[in-house]
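Notes for the structure review
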Amino acid sequence: MIVEIGHFALVLSLSVALVQSVLPMFGAMRGDQRLMETGTIAATGCFVLIAIAFSALMTSYVTSDFSVLNVFENSNSKQPLLYKFTSTWGNHEGSMLLWVLILAFFGALVALFGRDLPATLKANVLSVQAWILTAFLLFILLTSNPFQRLDPAPMEGQDLNPILQDIGLAIHPPMLYLGYVGFSIAFSFAIAALIDGRIDAAWARWVRPWTLIAWIFLTLGISMGSYWAYYELGWGGWWFWDPVENASFMPWLAGTALLHSALVMEKRSALKIWTILLAILTFSLSLLGTFLVRSGVLTSVHAFATDPTRGVFILAILCFFIGGALVLFAIRASALEGGGLFAPISREGALVFNNLFLTTAAATVLVGTLYPLLLEVLTGEKISVGAPFFDLTFGPIMVPLLFAVPFGPLLGWKRGDLLGAAQRLYFAACCALAALIGILAYTGGTRILTAFGFGLAFWLLAGSLTDLFSRAAFLKKGWRTGLARLLGLPRSAFGTTLAHFGLGVTLLGIVSVSSFQEEVITTMAPGNSAEIAGYTLTFDRIAQRPGPNFEAQAAHFSVRRGGVVMTEMDSAKRFFPVRQMTTTESGIWTHGFSQLYVSLGDPSADKQSIVVRIWWKPLVTLIWIGTVFMAVGGVFSLADRRLRVGAPMRGHRKAALAEA
Amino acid sequence: MVFWIVAAAMTAVVTLAIVWPLLRGKDEDAHATADHDVEVYAAQLRELDGDLERGTIAEAEAATARAEIGRRLLRAAERARSAGKAGRAARSFKRPTILAAAVSVAVMLPAISFVFYDTVGAPSLPDRPLALREQPQQDLDLAGLVEKAEARLKQNPADGGGWDVLAPIYLRMNRQADAAEAYRRAIELNGPSASRFGGLGEALTEIANGEVTDDAKAAFERALQINSSYLPAKFFLALDASQEQRPADAETRWTELISQSPPNAPWLRIAEAGLADARQRLGKPAPAAANEAPAQEAGVAASDSQPGSPPGVANGEGGFAGPDAAAVEAASQMSGGDRQAMIEGMVETLAARLKQSPDDVEGWKRLIRSYTVLGKTGEAKAALGDARRAFPEDSAAAREIAAFAGEIGLSGEIGLSGEEESTSR
């Protein structure tokens, strides 16, 4: 009965979403408080109902109720409990349900914490949000119903895809979806403004925190996905320019741009129309990402063609929302009021520069992702666009942007002093130069690009700190006053610094790994040793270890330096009999910020030895640590007191607003 | 039923919650959009001072910015004033419009939900979590299974399929009264069918200790009306003729049954015995060896072996080979040849059933023991081999069978031959 109650709740939420699509917007047209009020209740109701549906599905997974087709196809009674939970979203239907759950969650947040929003804006936003919700609920119920039943129930399920049976995947998709779907709020706000024909002053103040929340989750989600691919796929790479990765990276680039342009809009009421467009584009890229991943178009264009129901449905949703939004934009944008003026060299100008480069970068990734697909559809030719393309296009676009990052926060609003900013960055320039020369000396002058990369990374690290340092005026006013001034700075200043610093940290990791990584691929038998980066890796033994739903073949290694045992590590391959699949569990030893990475290949013909791939990855962890800095920066920015302003004469409610 | 109550409750709560604010009277006072704008611009002005103090904006730029924001602030304040004057109640929808909206929500929301759910949902399908399905695998205990089925039928006595499944099982468990009742429910809920009436007749016959009562006879006749070639019913009707001392009728019926039965039908030997008995009474020469066995006894044994029932679960106290005293006694009153034939017939039935559904440890054990008792060691070994093949090598069932083989002294040589077969496969 639980299953069917979940199913019914999902259907019911569709009807509620339909009501929410219509009534609040009608209310907003005439300013009718009663009709607008229904939006708040319906949005909350939708969330509760979808949460019931999701819990029902999760219950089925945890109790291994194989009378649900989806549970039968994607789980197994012998899975550890954690993966029974995560199986819920480790498949198409379940993950789409998670998608709408999060969509409804954000809708409910706006409904509950948006009390201080202008009533018409809130009603319009909730209605637009409900349109998206309705479209995706229909998609789920008509083409991807997770509550499809099986009668009689089979005894055993087909297991979750083994590579998804991992803690990284337990958290990665919800994070990613919180990011993707979070941008729907910015989108709804944009559409609401376009429908209303005016942009409230509070608009940007409202859009920015939502964008920030989404951006924080997306950042962490992408980062976690990258780390998961790094250790689970056993290839030792951390980013593959895979279409699935690009699908999440494009909204991130656009979202980052949106974050910055919303800042201009919030503070200076400038760039209004551009921000609206960016909000539309960001969510459109999220939808595109969902389409790419969920339609099956990536696995094979042909598979998509043979069973096009889902793909065509999502494509229709995509066209409706993106097309509709852009048309609305084209009609209405000219009617919108422009914003404040500013000189090219100014904080606003720097943020425009940022936007320009980030959107171009996003466009580049878009081309690199879609071109192979289009080519295959049109000519049947299969090409893969990988790292070389992106290194040549994405890289050069990012370099000037990264170079400009430290300047931005140092420029004044309206008209900035570039020379003054450059002077303040004197110290950062010295750091960068020192790093550059140091690397050149270390490599004997052969690695000019590497040296340049390190220089850029240190320029970012030192440059992002410069803002705080000079604002606190340690040199002018002494340490004590400086510290007091530092603590008195608004939290958003720390946010900026942390996020930009994190960018530098990530860049340092990337440059270091791509330049100084060492790799050994060799065949080893127990007792053999291999040398890498000054470490001696000895293959001690290999053993069979049974797992709950797999058989593991674990190789044991000991790592020595100068004869002293530094650590021991296991690298394993797991065979999952139900799916007849093998996964690698790489052995990773973290030493400082660097890692020694061992993964097992195929055994030799006589089974006496096995192919072992060993990498030394200097400073590799910085790649992910940097993203954590960025996310923490986002949290600081979110906590800034200034975001709490926006409601007339309701001081006591401001705290609630900020929490949203 | 519970499901529909929950579903209706959810729908009612959601519908009411949405309709409720619509039924309220007057608008509450709300701030005009312009009020919000005023607040935002005022905040921008305050922040501008902060920025100026921190030096993130130059003095001259701050002045122009202040002027810019100030202009917007004034405009917003003007809008807020005029909005306040105009009063917004006039712009709201009239009450009938709102009521129409409320009614359409109250009608459409449940309607759409239930119609849509009806097309995609499966409301009658219960949950099947593993915990519920795993038990039968852990112990093939029939009584436990039956208890579960009974509990389910108690909740949902209108589940005709459940009665259909349970009835023959009752029959096999010698719960004839329950079986008769279950068949009656099945007929009532699922409609008449030859096998249901046949089963009912069989149950009634067993209740009467093997005598085909009038009720039973009526049931068998109904079965034959529905399916004129339903052999089990014919068997019992022939038996009835023998029991009631109508040798002429019995002769026709037995002859007809024998001619229509497949050559390996389990009831053939009894039918032949019955035919011989009838002919003897009529003074005709018996077709085969002289048969002195009273048909009554043959009837009891036959109903024990349940000729008409589908293969499935073995008779708990079945009289296959010796274990059941009553069956042995019944058999002992037959002539030597007939007894042997009857027993062999039953053993063959069992063997045939195990070939079809080999997943029955007890059945295999009984079959092996039967062969041993009959002195057919070769067949016993073959059956043991078959039994071993029927179960995975290290399953509990396989171990049980091996242990059983050891008990009756078949283990050593059979174990070897079993292994040889498994490796050769």
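The shown structure was predicted, so the numbers you read here are calculated from the model rather than taken from an experiment.

In this section: the pairing of strand S5 (residues 564-576) of chain A. Residues and elements named next belong to chain A. Pairing between strand S4 (residues 551-561) and S5: 11 bridges, direction antiparallel. By the bridge assignment for S5, Phe557 is matched with Met569. From the end of S4 to the start of S5, which pair antiparallel, there are 2 residues, and Gly562 there has a positive phi angle of about 60°. In this structure, S5 lies alongside strand S6 (residues 581-585), joined through 5 bridges in antiparallel fashion. Opposite Phe575, over in S6, you have Thr582 as the bridge partner. Between S5 and S6, which pair antiparallel and follow one another directly, the connecting turn spans 4 residues, one of which, Gln580, has a positive phi of 55°.

Bringing the UniProt feature "transmembrane region" (unreviewed entry) in chain B into the picture now. Residue and element names in this part refer to chain B. As annotated by UniProt and renumbered to match this structure, "transmembrane region" (unreviewed entry) occupies residues 6-23 and 98-117. Taken end to end, residues 6-23 is 100% helix and 0% strand, and its first and last C-alpha atoms sit 25 Å apart. For residues 98-117, helix accounts for 100% and strand for 0%, while the C-alpha atoms at its two ends are 28 Å apart.

Residues and elements named next belong to chain A. Taken N-terminus to C-terminus, the directions of helix H1 (residues 2-30) and helix H6 (residues 119-143) make an angle of 150°; their axes are 8 Å apart at the nearest point. In this view, H1 runs roughly antiparallel relative to H6, as classed from their interaxial angle. The handedness of the crossing between H1 and H6 comes out as left-handed. For the pair formed by H1 and H6, the contact residues are Leu10, Val11, Ser13, Leu14, Ala17, Leu18, Gln20, Ser21, Pro24, Met25, Gly27 and Ala28 on the first element and Thr120, Ala123, Asn124, Leu126, Ser127, Ala130, Trp131, Leu133, Thr134, Leu137, Leu138 and Leu141 on the second. Along the lines of polarity and charge, the residues of the contact of H1 with H6 split into 16 nonpolar, 8 polar and no charged.

Residues and elements named next belong to chain B. In a regular helix each residue adds 1.5 Å, so 13 residues correspond to 18 Å; helix H7 (residues 160-172) covers 19 Å between its end C-alpha atoms and thus fits that length. The set of residues buried in H7 consists of Trp163, Asp164, Leu166, Ala167, Pro168, Tyr170 and Leu171. Just past H7, the residue Asn174 takes up positive phi, approximately 60°.

This part covers the interface of chain B and chain A. In this assembly, 60 residues from chain B lie in contact with 58 residues from chain A. Looking at the side of chain B that touches chain A, the elements that each hand over two or more residues are helix H1 (2-23), helix H2 (33-54), helix H3 (59-86), helix H4 (95-120) and helix H5 (130-138) of chain B. In terms of residue class, the side of chain B that touches chain A is built from 34 nonpolar, 9 polar and 17 charged.

In this section: the confidence of the model for chain B. All names here are of chain B. Here chain B averages 73 in pLDDT, and 73% of its residues register 70 or above. When mean pLDDT is taken per element in chain B, H1 scores highest with 91 and helix H20 (residues 411-424) scores lowest with 40. Contacts of residues 412-425 to residues separated by more than four positions or lying in other chains number 13 contacts, the stretch itself having pLDDT below 50. The complex prediction reports pTM at 0.70, with the ipTM value standing at 0.82.

Note on backbone geometry: most residues besides glycine have negative phi, and most peptide bonds are trans. Residues and elements named next belong to chain A. With a phi angle near 60°, Leu271 is a residue other than glycine that sits in the positive phi range. Note that Leu271 resides in the loop between helix H9 (243-268) and helix H10 (272-294). The phi dihedral of Leu619 falls on the positive side, at around 60°, and the residue is not glycine. The exposure class assigned to Leu619 is buried, which follows from the 21 C-beta atoms found within 10 Å.

Now for the nonpolar core. If you look at the biggest cluster of nonpolar residues, it comprises 205 residues, and the most contacted ones within it are Val100, Ala186, Phe189 and Ala279 of chain A. Contact partners of Ala186 of chain A, with chain neighbours within four places excluded, come to Val207, Trp210, Thr211, Leu258, Ala279, Thr282 and Phe283 of chain A. In terms of nonpolar packing, the next biggest core, distinct from the first, is built from 39 residues, Ala180, Ala182, Leu257 and Ala278 of chain B among them.

If you check helix H20 (residues 621-638) of chain A, its first and last C-alpha atoms are 26 Å apart, about what 18 residues at 1.5 Å a residue would give, namely 26 Å. Those residues of H20 of chain A not exposed but buried are Thr621, Leu622, Ile623, Gly626, Thr627, Phe629, Met630, Ala631, Gly633, Gly634, Ser637 and Leu638 of chain A.

Here we take up the sheet that holds strand S9 (residues 610-617) of chain A. Sheet strands associate in pairs through backbone hydrogen bonding, adopting either a parallel or an antiparallel arrangement. Residues and elements named next belong to chain A. The antiparallel open sheet is built from 4 strands, whose spatial order is S1-S9-S8-S7. Each edge of the open sheet carries a strand with a single partner, namely strand S1 (518-524) and strand S7 (587-591). Along the sheet, successive strands turn relative to each other by an average axial angle of 15°, direction set aside. One ladder, built from 5 bridges, connects S7 with strand S8 (residues 594-603); its direction is antiparallel. The residue bridging Thr590 from the neighbouring strand is Gln595, located in S8.

All names here are of chain A. Taken together, 5 strands build an open sheet; the order of strands is S2-S3-S4-S5-S6 and the sheet is antiparallel. Each edge of the open sheet carries a strand with a single partner, namely strand S2 (529-532) and S6. When the angles between neighbouring strand axes are averaged without regard to direction, this sheet yields 25°.

Residues and elements named next belong to chain A. Here chain A shows a mean pLDDT of 86. Residues at 70 or above account for 95%. Averaged pLDDT values over the elements of chain A bottom out at 40 in helix H21 (residues 654-659) and peak at 94 in H20. Taken together, the stretch residues 645-660 has pLDDT below 50 and engages in 38 contacts with residues farther than four places along the chain or on a different chain.

Reading guide: rules and limits
Residues numbered from 1 in each chain as written. Chains lettered and ligands numbered in written order. Predicted model: local features only at pLDDT ≥ 70, side-chain atom pairs only at ≥ 80, totals over all residues. Pairing = 2+ DSSP bridges. Helix = DSSP H or I, 4+ residues; strand = E, 2+ residues; numbered from the N terminus. UniProt positions renumbered as here; feature names shortened; annotations may be inferred. Axes fitted to C-alpha atoms, helices over the stretch in contact; angles between N-to-C directions. Parallel < 35°, antiparallel > 145°, perpendicular 65-115°, else oblique. Left-handed = near helix turned anticlockwise from the far one by under 90°. Contact = placed C-beta atoms within 7 Å. Nonpolar A, V, L, I, M, F, W, Y, C, P; charged D, E, K, R; others polar. Expected span 1.5 Å × (residues − 1). Buried ≥ 20, exposed ≤ 12 C-beta atoms within 10 Å, placed from the backbone. pLDDT = per-residue confidence, 0-100. Core = buried A, V, L, I, M, F, W, Y, C linked by C-beta atoms within 7 Å.

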